[in-house]
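# Fold and geometry: a report
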Amino acid sequence: MKFNALMHASVFCENMDAMFEFYEKILGCPAKMVIRNYAYADKTDSPYYKAAQADPNGICIAYFEVGNGQYIECIAAGKGLKQKENWKEYLGISHLALTVDDIFKTRDELEKREVVIDSPPRIGNSATWQMWIYDPEDNPIEIMQYTENSFQLTGH
């Protein structure tokens, strides 16, 4: 068995408008699929059933296309989800990682768009350029640029 690609990574969010602003307008990842609550109006076993009754046009899921057929999926958070206090203290997905052709040009463009660069570009332990930012829900995003020596390309 061999997989073709990672189709999507998924994050829960409280403020869907802020996620649209960030992923679509700031990062330039177009929303390719938007599911509104009314899609669950007849699905009584769905966590979105009540939302479909209360706010049928509200967005419950959005897919932002990072690359050809690769997405970040934002899912509207249900009641009772807790914010992570420190992302390094939890099991499970720790961050998203996106590749770029020019990390310095990307840094400059993100700074123009008032995105805080948490960790400036540097060569990481895998011989790959990396820098860190956060989305509006404090999900860590690693921005990476391969080098000819990147372990992801050469193996290690």
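Just above, that's the structure.
The following refers to the structure shown. Since this is a predicted model, take the numbers as computed values, not measurements.

### Remarks on the overall build of the protein
- Summing up its helical and strand segments, the protein has 4 helices and 8 strands in all.
- Along the chain direction, N to C, the helices and strands of the protein fall in the order β-α-β-α-β-β-β-α-β-β-β-α.
- Summarising the internal contacts of the protein: among those between residues at least 6 apart in sequence, 54% fall at separations of at least 24.
- Accessible surface, the protein: about 10400 Å² in total, of which carbon and sulfur atoms supply 50%.

### A few points about the sheet that holds strand S7 (residues 129–134)
- Strand order across the open sheet formed by 4 strands is S5-S8-S7-S6, with mixed pairing between neighbours. Two strands lie at the open edges of the sheet, namely strand S5 (96–99) and strand S6 (119–123), each paired on one side alone. With strand direction ignored, the average angle separating the axes of adjacent strands in the sheet is 25 degrees.
- Where S7 meets strand S8 (residues 140–145), 6 bridges bridge the pair, whose relative direction is antiparallel. The residue bridging Trp-132 from the neighbouring strand is Glu-142, located in S8.
- Along the sheet, helix H3 (residues 103–112) contacts S6, S7 and S8; its crossing angle with S7, the most-contacted strand, is approximately 20 degrees.

### Focus: the packing of aromatic side chains
- A complete count under the given rule lists 6 aromatic pairs for this structure.
- Where Phe-22 meets Tyr-23, the ring centres are 5.0 Å apart and the plane angle is 90 degrees; that geometry is what we call edge-to-face.
- Since its relative accessible area comes to 0%, Tyr-23 is described here as buried.
- Between Tyr-63 and Tyr-71, the ring centres sit 5.5 Å apart and the planes meet at 75 degrees, which makes this aromatic pair edge-to-face.
- Residue Tyr-63 is classed as buried on the basis of its relative accessible area, which comes to 10%.
- Residue classification places Tyr-71 among the buried residues on the basis of a relative accessible area of 18%.

### Considerations on the sheet that holds strand S2 (residues 31–36)
- Spatial strand order, S1-S4-S3-S2: 4 strands in an open sheet with mixed pairing. Edge positions in the sheet fall to strand S1 (8–13) and S2, since each of these pairs with one other strand and no more. Neighbour-to-neighbour, the strand axes of this sheet turn through a mean angle of 15 degrees, independent of strand direction.
- Note that S1 and strand S4 (residues 70–76) share 6 bridges and pair parallel. Across the sheet, the residue bridging to His-8 is Tyr-71, located in S4.

Thresholds, definitions, all that
- Residues numbered from 1 in each chain as written.
- Predicted model: local features only at pLDDT ≥ 70, side-chain atom pairs only at ≥ 80, totals over all residues.
- Heavy atoms only, no water.
- Helix = DSSP H or I, 4+ residues; strand = E, 2+ residues; numbered from the N terminus.
- Contact = heavy atoms within 4.5 Å.
- Areas by Shrake-Rupley, 256 points an atom, 1.4 Å probe, with all protein chains shown as cover.
- Pairing = 2+ DSSP bridges.
- Axes fitted to C-alpha atoms, helices over the stretch in contact; angles between N-to-C directions.
- Phe/Tyr/Trp six-rings, centres within 6.5 Å; stacked < 30°, edge-to-face > 60°.
- Buried < 20%, exposed > 50% of the residue type's maximum accessible area, 1.4 Å probe, protein only.

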